[in-house]
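# Per-entry structural report
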Amino acid sequence: MSRRAESSGLGTLRTNVVGAAFVLMLAGGLLLVLQYVSLRREAIADATAQAHVVATSSAAAVMFGDGDAAHEVLQSLGTLASIRGARIADADGGVVAAYAHDGNAPGCRLDCPLVRAPILLHGQQVGSVIVWMDMGRVHHRLLGLAGAFLVASLAAFTLSLPLMRRMRARVRAAEARLQHLAHYDPVSGQQNRNAFNACLAWTPPRPAGERHALMQLDLDRFKEVNDSLGHSGGDELLWQVGTRIAAVAGTQDQLFRLGGDEFAVLMKVTDAADARARAETVLGQFQAPFLVGGQQLFVTASAGVSIWPDDGEQFHELAGNADAAMYAAKREGRRRVALYEPRLREAQAEKLMLQVELRRALDGCQFQLHYQPQVDAVGRLLGAEALLRWFHPELGAIAPSRFIPVAEDCGLIVDIGRWVIGEACRQAAAWRAEGHDAPRLAVNLSVRQTRDEDLPAFIDGILAATALPASCLELEITESVLLEDADRAIAQLARLRARGLHLAIDDFGTGYSSMAYLKRLPIDKLKIDMTFVQAIPGDGEAITTAILAMAHHLQLTVVAEGVETEHQHRFLRQAGCDQLQGYRIGRALPADAFAARWLVPAQDPA
């Protein structure tokens, strides 16, 4: 603790002591005053009673002027220490008899209250008794009480001083702890977002050549650690991450944990190259595995860097720029550093705009489904893929490649995916009600949707509401689902397959699937990715032939996507591909146009 803080603490303690003493003395004085009033009232009441007794006993002596008899009556007061003196007077005020405790005639003093009592005979006042009280006894009692109170107060005060010091020390410790918690993160031990915001609120002067760089760093797939090891394991990992970053930070650098799995480092640099090198040094700390709960974890991170004053005149501008650069690093493949560029801020602004508009689109019926046919080798319609289209009232048609990643990032993809499933089922049921032999409709499932534990129940509800058989709905998943939690994904697919739904692997050949997983997956179909189909003629022929042989060996149906040329069409038919899809077959069309072009009335069994 600093001398100033210690001096301030002692000054506060002295002030508290003086205040407590003042309050204690004030309370003691008030109690003594109340006690004095009570004792005085009690003494006056006793003297009044004695005066009435004397008045009753001396009525005859006053009537006949018998001073001796009256004097004998007054002598009875001699045993009372509270009586200073007394006098019996007749109706005219003449003294019939008098008594003084010390032998001297009593006088009127402020500390000797006077009590009068009338002498009555047959209802007529024939004289009066005057009694002077002695308050010495009251004063002695008050002095005794004051002394006892003073001794007790001093004893209590002496005993309370160590307690007050201990309490003050605890208060100071609690204040210091609160101050620490206000600016430091208890999980990682580093400065927290409050300290980060305070730091960015101040911008230093601009000496020539000096630059600062803000690096924001985010762990890749940190949620998987929490899911597998629990929050305690996640906290331990965050502590180790903070320790490793701090180990390579400069003495003038400041390290912050912003929340979740995001960290920031504010550092002095010479130029952009120096900033990138410093950031890559930090990412280099993630090459060695982390030991958490007895398990080795290989964790990667992505970082974005913004430089002051190149990317902003004020420090607070760096945060948004570094954040935009960090997300650019993630989009470029993770585990890398990205430096801020103005276009990144524009992309982030567009992303925020699309998030807002996506919510409005979902509520305002701006989405439509278009349907692309899937045919067999002779061109007979077997199914159709439902493809989402967004027609904004002001921005026009927005490509799925622009809004689907945004929906994935902000979590709206689950609600949008449910809308797609529901709309596809309603359309298939409507075609069936119109008498068409409706094809099986395929709907893409995002990675987030495969984690949705309520998805099977939702699909049950849609199928029941539309009276659509489960076999009319096909769900397509990408191989990336298996990258994150294969066992959980397989269990979810098994629940869906058990309902009679058809399942397909989309974009096959570009992801993770191995023969071992393909044998475990409860799927019906593989969709060859269009990059292989479009490589026909060429290397795509060998790859496509190998996929067909493998899939048919596993008794899976194969669909070739992206069929655009006659040569591709002919090769795939000859290679034994079960189904074809692409511009060569037919473009995706709105529901009415698709029905007019592809659907025929159901055949009457009779």
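Above this text is the structure in question.
I will try to describe carefully the structure that is included in this document. (Residues numbered from 1 in each chain as written. Predicted model: local features only at pLDDT ≥ 70, side-chain atom pairs only at ≥ 80, totals over all residues. Heavy atoms only, no water.)

### Concerning the sheet that holds strand β5 (residues 211–219)
Paired through their backbone hydrogen bonds, the strands of a sheet run either parallel or antiparallel. Worth spelling out the cut-off: Two strands are counted as paired when DSSP detects at least two bridges linking them. In this text, helices come from DSSP runs of H or I with a minimum length of four residues, and strands from runs of E with a minimum of two, each type numbered from the N-terminal end. Simply put, an axis is a line fit to the C-alpha atoms, just over the touching stretch for a helix, and the angle between two N-to-C directions goes from 0 to 180 degrees. Residue contacts are defined here by distance: any two heavy atoms, one from each residue, within 4.5 Å place the two residues in contact.
Across the sheet, five strands lie side by side as β6-β7-β5-β10-β11; this open sheet has mixed pairing. Strands with a single pairing partner mark the edges of an open sheet, and in this sheet they are β6 (254–259) and β11 (337–339). The sheet shows a mean angle of 20° between the axes of neighbouring strands, direction not considered. Sheet topology places β5 next to strand β10 (residues 301–308); eight bridges connect them, and they run antiparallel. In the strand pairing of β10, aspartate 218 is matched with serine 302. Contacts from helix α8 (residues 316–331) reach β5, β7 (262–269), β10 and β11 within the one sheet, and its direction differs from that of β10 by about 145°.

### What to know about unusual backbone geometry
Tryptophan 308 connects to proline 309 through a cis peptide bond whose omega is 5°. Tracing the backbone shows proline 309 in the loop between β10 and α8. Residue proline 537 follows isoleucine 536 across a cis peptide bond; omega there is 0°. For proline 537, the location among the structural elements is in the loop between α16 (530–533) and α17 (539–553). One non-glycine residue, glutamine 555, lies in positive phi territory at about 60°. Here glutamine 555 shows up in the loop between α17 and β19 (557–560).

### Focus: the sheet that holds strand β3 (residues 114–121)
Here four strands make up an open sheet; going across it, the order is β2-β1-β4-β3 and the pairing antiparallel. Each edge of the open sheet is held by one strand with a lone partner, namely β2 (95–100) and β3. The average angle at which neighbouring strand axes cross in this sheet is 15°, direction not considered. Taken together, the seven bridges between strand β1 (residues 83–90) and strand β4 (residues 124–133) define a ladder with antiparallel strand orientation. Looking at β4, one finds that alanine 89 is bridged to serine 128. Helix α3 (residues 67–75) rests against β1 and β2 of the sheet, and its axis sits at about 30° to β2.

### Comments concerning the packing of helix α9 (residues 342–364) against helix α10 (residues 400–410)
The condition that has to hold: With respect to orientation, any angle under 35 degrees is reported as roughly parallel, any angle over 145 as roughly antiparallel, any angle of 65 to 115 as roughly perpendicular, and every other angle as oblique. Under the scheme applied, nonpolar residues are Ala, Val, Leu, Ile, Met, Phe, Trp, Tyr, Cys and Pro; charged residues are Asp, Glu, Lys and Arg; polar residues are all the others, including Gly.
Where α9 contacts α10, the two axes come as close as 10 Å, and the packing angle between them is 80°. Compared by their axis directions, α9 and α10 come out roughly perpendicular. For the pair α9 and α10, the contacting residues are Glu350, Lys351, Leu354, Gln355, Leu358 and Arg359 in the first and Arg402, Phe403, Val406, Ala407, Asp409 and Cys410 in the second. By residue class, the composition of the contact of α9 with α10 is six nonpolar, one polar and five charged.

### Section: the pairing of β6
In this structure, β6 lies alongside β7, joined through five bridges in antiparallel fashion. Bridge pairing in β7 places glycine 259 opposite glutamate 262. Once β6 ends, the chain turns through two residues before running back antiparallel as β7, passing glycine 260 with a positive phi of about 60°.

### Describing a nonpolar patch on the surface
For clarity, the threshold we go by: In this scheme, patches are assembled from residues that exceed 30% relative accessible area and form no salt bridge. Like charges are connected within 9 Å, while nonpolar side chains (Val, Leu, Ile, Met, Phe, Trp, Tyr) are connected within 5 Å. The Shrake-Rupley method, run with a 1.4 Å probe, gives the accessible areas here. Residue values count only the displayed protein chains as cover. Any Lys or Arg side-chain nitrogen found within 4 Å of a carboxyl oxygen on Asp or Glu counts as a salt bridge.
Where nonpolar side chains cluster on the molecular surface, the patch consists of Phe22, Val23 and Leu26 and spans about 340 Å² of accessible area. Within the fold, valine 23 resides in helix α1 (residues 3–57).

### A word on the packing of aromatic side chains
When we look at a pair of aromatic rings, we describe it by the centre distance and by the angle of the planes. The condition is simple: Between the rings of Phe, Tyr and Trp (Trp by its six-membered ring), a pair exists once the centres lie within 6.5 Å; its type follows the angle of the planes, with under 30 degrees stacked, over 60 edge-to-face, and the other angles tilted. Exposed residues in this analysis have more than 50% of their type's maximum accessible area, buried residues have under 20%, and partly exposed residues fall in between, with area computed by a 1.4 Å probe over protein chains only. Lysine and arginine charges are scored as sitting over a ring when NZ or CZ, respectively, is within 6 Å of the ring centre and within 35 degrees of the ring normal.
Summed over the entire model, instances satisfying the criterion amount to nine aromatic pairs. Centroid distance phenylalanine 196 to phenylalanine 256: 5.3 Å. Interplanar angle 70°. Geometry classified as edge-to-face. One end of the pair, phenylalanine 196, is in helix α5 (residues 193–200); the other, phenylalanine 256, is in strand β6, and 60 residues separate them in sequence. When the ring of phenylalanine 367 is compared with that of tryptophan 390, the centres are 5.9 Å apart and the planes differ by 55°; the resulting orientation is tilted. Of this pair, phenylalanine 367 sits in strand β12 (residues 367–375) while tryptophan 390 sits in strand β13 (residues 381–392), placing them 23 residues apart in sequence. According to the relative accessible area criterion, tryptophan 390 is buried, its value standing at 1%. Among the aromatic residues, those joined into a ring-pair cluster are Phe367, Trp390, Phe403 and Trp419. Lying over the aromatic face of tyrosine 327, lysine 351 brings its terminal NZ or CZ to 4.7 Å of the ring centre.

### Focus: helix α11 (residues 413–433)
Here is the rule: One less than the number of residues in a helix, times 1.5 Å, gives the span that helix is expected to have.
The terminal C-alpha atoms of α11, which comprises 21 residues, lie 30 Å apart, in line with the 30 Å expected from a rise of 1.5 Å per residue. Glycine 435 sits one or two positions beyond α11 and adopts a positive phi of about 95°.

### Here's the deal with the side chain of aspartate 253
Looking at the secondary structure, you find aspartate 253 in the loop between α6 (222–248) and β6. Since its relative accessible area comes to 14%, aspartate 253 is described here as buried.

### Quick word on the pattern of salt bridges
Under the definition given, this model contains 18 salt bridges. In this structure, aspartate 218 engages lysine 330 in a salt bridge whose closest nitrogen and oxygen atoms are separated by 3.0 Å. Pair noted here: aspartate 218 is in strand β5 and lysine 330 is in helix α8, with a separation of 112 residues, a long-range link. Pair check on accessibility: aspartate 218 and lysine 330 agree, each one buried. Taking the shortest distance from any N to any O, the salt bridge between aspartate 253 and arginine 278 comes out at 2.1 Å.

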